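The primary structure of each chain is shown beneath.
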Amino acid sequence: MRRSRGNRVNEHGSGIEGEQVKDTATNYVTEDGRTIGGVIMEMKNITLRFGGVVAIKDASFDIHEGEIRAIIGPNGAGKSSMLNVINGFYHPQEGEVWFRGEKRPSMKPYEIAEQGIARTFQNIALFHGMTTVENVMTGRQLMMKKNFFWQMLRVGPALDEEVKHRRKCEEIIDFLEIQAIRKTPVGSLPYGLQKRVELARALAMEPKLLLLDEPMAGMNVEEKEDMSRFILDVNDQYGTTIALIEHDMSVVMDLADRVVVLDYGKMLADGTPDEVQRNQAVIDAYLGVEH
Amino acid sequence: MGDIIYGIFADPFVQMWQMPDFLMQVLWEGFVSGILYALIALGFVLIFKASGIFNFAQGIMVVFSGLTLVGLHALGVPAWLALLLTLATMYALAYSVERLILRNLVNQPDIILFMATIGLTNILIGMGQWIFGGETKTMITKELFLPSGSSVWEPGGGLVIFQHIDIAAAVIAAALIVGLAFFFSKTKVGRALRAVADDHQASLSVGISLNHIWVITWFAAGIVALVTGIMWGARSDVSFSLQIIALKALPVLVLGGFTSVPGAIVGGLIIGIGEKVFEIYWGPLFGSGVEGWFAYVIALVFLLYRPQGLFGEKIIERV
């Protein structure tokens, strides 16, 4: 890995056992010298139920601008549910979601995408009939304004627009090193590459917040290393704020600036990877405790 | 016994060989009805791709659009304006279907949505009869500047007749298909349509509104229905019995695959030409009325050996 992400200390000291960092407006500096911005998203006392099942119970945490924030937990901990709340697939029964300093009303997922939140999916949701380039171009959907009469004629402003967005997509494709499969229909690509195309599509939206749902799931070691590198590079080069879910703790510890731990929908801990790793409740949840 | 074998395997080909001009005539007729089948199937495919709904109402949409056009003209509205108003009506229909039906039935099983389209069919039949009456009407062919009359082609002393309206139907259908293909592949909305056809969640995550796309698809299917209504109405008449031809789209879809636009076109042509040729050359062996069931037999054979159709996506079940 290009730079070490281990042993990073958060200025705000411990934030474990759900004890939130209070002074959220302040920036903090990570150990590797990056200055993290103010709070971009804040989840306040989120509770999500499906009938009688409580998927998330009273969870609160925040995401700072420019950081890599991980949400971890064993299977069934409510991680994906949390991501689905952030991007609007689920609407929590209780609690508030604050994005960029404003309380967010109940919105449809596509409206949330318009606000600048992009995501990838655990089980890869690509447009299988389309090529890599076309998939990435769908990420520019919201930015293309010319109406379809002009687009069908492919003249003047509509053509300029298409060319402009296409250029940006090619840049992202180069960045993620998938030039070789630009014209390949994504359905026929190997799993690891599909994950990368999905990341490219999300990046094409130039998101203010990028959500990654188990970006490393089902990958071999080499693919995991590649993906980790790309996530760090994206954060570095584009300054993208990233929130990612993982159940493999070791991956997260090298990647994330701060980590939220969920178990059975409840928050166990919130803090730097180091703090979280030393937390007894987290250790119990991962290793199991004898009662 | 020998007669039957001769009748099946030899006589039809002898006839084709002896009267090539007649064969050409048969092929042309089959081609034209094939194109019209393809248009109806296209309406089904558009909606099926975008929302996974088998729209039973596509047939009645053909009738309804035709009736609206003719009915408006009968009220004294000039033909061009009637055409625009009919398009507006089809848009209003698409919008209402999304607003009143699809939006409320989202995530329901396919069969529920299918039932909803049967309900829609009955509503449209009722409305059509209430507003325009049940009697057969003549398409306003001349007012829409569609040609009438025919041309004769005499290849080597033979005789093939081309109705001008058939030629117009073929040309307009081809233009519509090319236009749709272009729209799908080259525009932002087209890209969004294909995205929705592929994956709903992923579409939402890149900021595509499903509701908006459904309105556009149903409107596109409405336009296809209107063109079909005009063309089919010009060849026969505009009446409620027209919706029965929509059932012919079923074998076309089985043949071409429910999700494939080229499949709808090729399937339509195969069924159209196949049933005409079979009717003329093999029909006498079965008595008459072969045209009524031939398409379904082909469909049955396809279902047995290639259930996804010629161009459909392969059905892979994960075990």
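Residues numbered from 1 in each chain as written. Chains lettered and ligands numbered in written order. Predicted model: local features only at pLDDT ≥ 70, side-chain atom pairs only at ≥ 80, totals over all residues.

## So, the overall build of chain A
Okay, so step 1: Counting its secondary structure elements, chain A contains ten helices and twelve strands.
Okay, so step 2: Evaluated residue by residue, chain A yields a buried proportion of 45% over its 291 residues.
Okay, so step 3: Sequence separation of 24 or more characterises 69% of the internal contacts of chain A that already satisfy a separation of 6 or more. (Helix = DSSP H or I, 4+ residues; strand = E, 2+ residues; numbered from the N terminus. Buried ≥ 20, exposed ≤ 12 C-beta atoms within 10 Å, placed from the backbone. Contact = placed C-beta atoms within 7 Å.)

## Observations concerning the overall build of chain B
Okay, so step 1: Check the secondary structure of chain B and you find 13 helices and two strands.
Okay, so step 2: Expected size for 319 residues packed as a compact globule is a radius of gyration near 20 Å; at 21 Å, chain B falls within 12% of this value.
Okay, so step 3: The proportion of buried residues among the 319 residues of chain B is 44%. (Rg over C-alpha atoms; globule rule 2.2 N^0.38 Å.)

## Section: the sheet that holds strand β3 (residues 39-50) of chain A
All names here are of chain A.
Okay, so step 1: In space, the four strands of this open sheet follow the order β4-β3-β6-β7, with antiparallel pairing throughout. The outermost strands of the open sheet, each flanked by one partner alone, are β4 (53-64) and β7 (102-103).
Okay, so step 2: Two strands pair when backbone bridges link them, and β3 and strand β6 (residues 94-99) are joined in this way by five bridges, in the antiparallel orientation. When the sheet's bridge partners are listed, Lys-44 is paired in β6 with Glu-96. (Pairing = 2+ DSSP bridges.)

## Here we look at the sheet that holds strand β8 (residues 117-119) of chain A
Residues and elements named next belong to chain A.
Okay, so step 1: Strands sit in the order β8-β9-β10-β5-β11-β12 across an open sheet of six strands; the sheet is mixed. Lying at the two open borders of the sheet, with one neighbouring strand each, are β8 and β12 (266-271). On average, each strand axis in the sheet is tilted by 20° relative to the strand beside it, whichever way the strands run.
Okay, so step 2: As judged from the five bridges shared by strand β11 (residues 258-263) and β12, these two strands associate in the antiparallel manner. Across the sheet, Val-261 pairs through a bridge with Ala-269, a residue of β12.
Okay, so step 3: Here helix α10 (residues 280-287) sits on the sheet in contact with β11 and β12, set at roughly 125° to β12. (Axes fitted to C-alpha atoms, helices over the stretch in contact; angles between N-to-C directions.)

## Some thoughts on helix α12 (residues 261-282) of chain B
Okay, so step 1: When the terminal C-alpha atoms of α12(B) are compared, their 30 Å separation across 22 residues agrees well with the 32 Å that a helix rising 1.5 Å per residue should span.
Okay, so step 2: Most of α12(B) sits inside the fold, with 16 of its 22 residues counted as buried. (Expected span 1.5 Å × (residues − 1).)

## Details of the interface of chain B and chain A
Okay, so step 1: At the junction of the two partners, chain B supplies 20 residues and chain A supplies 27 residues.
Okay, so step 2: The set of elements that each furnish at least two residues to the side of chain B that touches chain A consists of α7 (164-186), α8 (188-198) and α9 (200-205) of chain B.
Okay, so step 3: When residues in the side of chain B that touches chain A are grouped by element, the largest group, seven residues, is from α8(B).
Okay, so step 4: Its residues placed into classes, the side of chain B that touches chain A shows nine nonpolar, five polar and six charged. (Nonpolar A, V, L, I, M, F, W, Y, C, P; charged D, E, K, R; others polar.)

## Regarding the packing of helix α3 (residues 20-51) of chain B against helix α10 (residues 210-235) of chain B
Residue and element names in this part refer to chain B.
Okay, so step 1: In the contact formed by α3 and α10, the axes pass within 9 Å of each other and the chain directions differ by 170°. With respect to each other, α3 and α10 are oriented roughly antiparallel. Residue-level contacts link Leu-36, Leu-39, Ile-40, Leu-42, Gly-43, Leu-46, Ile-47, Ala-50 and Ser-51 of α3 to Ile-213, Trp-214, Thr-217, Trp-218, Ala-220, Ala-221, Val-224, Ala-225, Val-227, Thr-228, Met-231 and Trp-232 of α10.
Okay, so step 2: Broken down by class, the residue content of the contact of α3 with α10 amounts to 17 nonpolar, four polar and no charged. (Parallel < 35°, antiparallel > 145°, perpendicular 65-115°, else oblique.)

## Concerning the pairing of strand β2 (residues 160-163) of chain B
All names here are of chain B.
Okay, so step 1: Bridge count between strand β1 (residues 150-153) and β2: four bridges; the pairing is antiparallel. Looking at the pairing, Ser-151 lines up with Phe-162 of β2.
Okay, so step 2: A loop of six residues connects β1 with β2, the two strands running antiparallel in sequence, and Gly-156 in this loop sits at a positive phi of about 55°.

## Regarding unusual backbone geometry
Okay, so step 1: A positive phi angle, close to 55°, is found at Glu177(A), a residue other than glycine.
Okay, so step 2: For Phe145(B), which is not a glycine, the phi torsion comes out positive at approximately 60°.
Okay, so step 3: Looking at the secondary structure, you find Phe145(B) in the loop between α6 (110-132) and β1.
Okay, so step 4: For Phe145(B), a count of 9 C-beta atoms within 10 Å puts it in the exposed group.

## Thoughts on the environment of Gly263(B)
All names here are of chain B.
Okay, so step 1: Within the secondary structure, Gly-263 is located in helix α12.
Okay, so step 2: Residue classification places Gly-263 among the buried positions, given that 25 C-beta atoms sit within 10 Å.
Okay, so step 3: When the C-alpha positions of Gly-263 and Gly-309 are compared, they lie 7.9 Å apart, and in sequence the two are 46 residues distant.

## Describing the confidence of the model for chain B
Okay, so step 1: The share of residues in chain B with pLDDT of 70 or more is 97%, and the mean pLDDT across the chain is 87.
Okay, so step 2: Confidence, expressed as mean pLDDT per element, reaches its minimum in chain B at helix α1 (residues 2-9) of chain B with 81 and its maximum at helix α5 (residues 79-102) of chain B with 94. (pLDDT = per-residue confidence, 0-100.)

## Topic: the pairing of strand β5 (residues 68-72) of chain A
Residues and elements named next belong to chain A.
Okay, so step 1: Extensive coverage of β5 is indicated by the burial of five of its five residues.
Okay, so step 2: Burial along β5 is two-sided: the face carrying Ile-68, Ala-70 and Ile-72 and the face carrying Arg-69 and Ile-71 are both buried.
Okay, so step 3: In terms of strand pairing, β5 meets β11 through four bridges, oriented parallel. Its bridge partner being in β11, Ile-72 is matched across the sheet by Val-261.

## Some remarks on the packing of α7(B) against α8(B)
Residue and element names in this part refer to chain B.
Okay, so step 1: One can describe the packing of α7 onto α8 by two numbers: an axis separation of 5 Å at closest approach and a directional angle of 85°. By the angle between their axes, α7 is roughly perpendicular relative to α8. Between α7 and α8, the residues in contact are Phe-183, Phe-184, Ser-185 and Lys-186 and Gly-190, Leu-193 and Arg-194, respectively.
Okay, so step 2: Among the residues forming the contact of α7 with α8, the class breakdown is three nonpolar, two polar and two charged.

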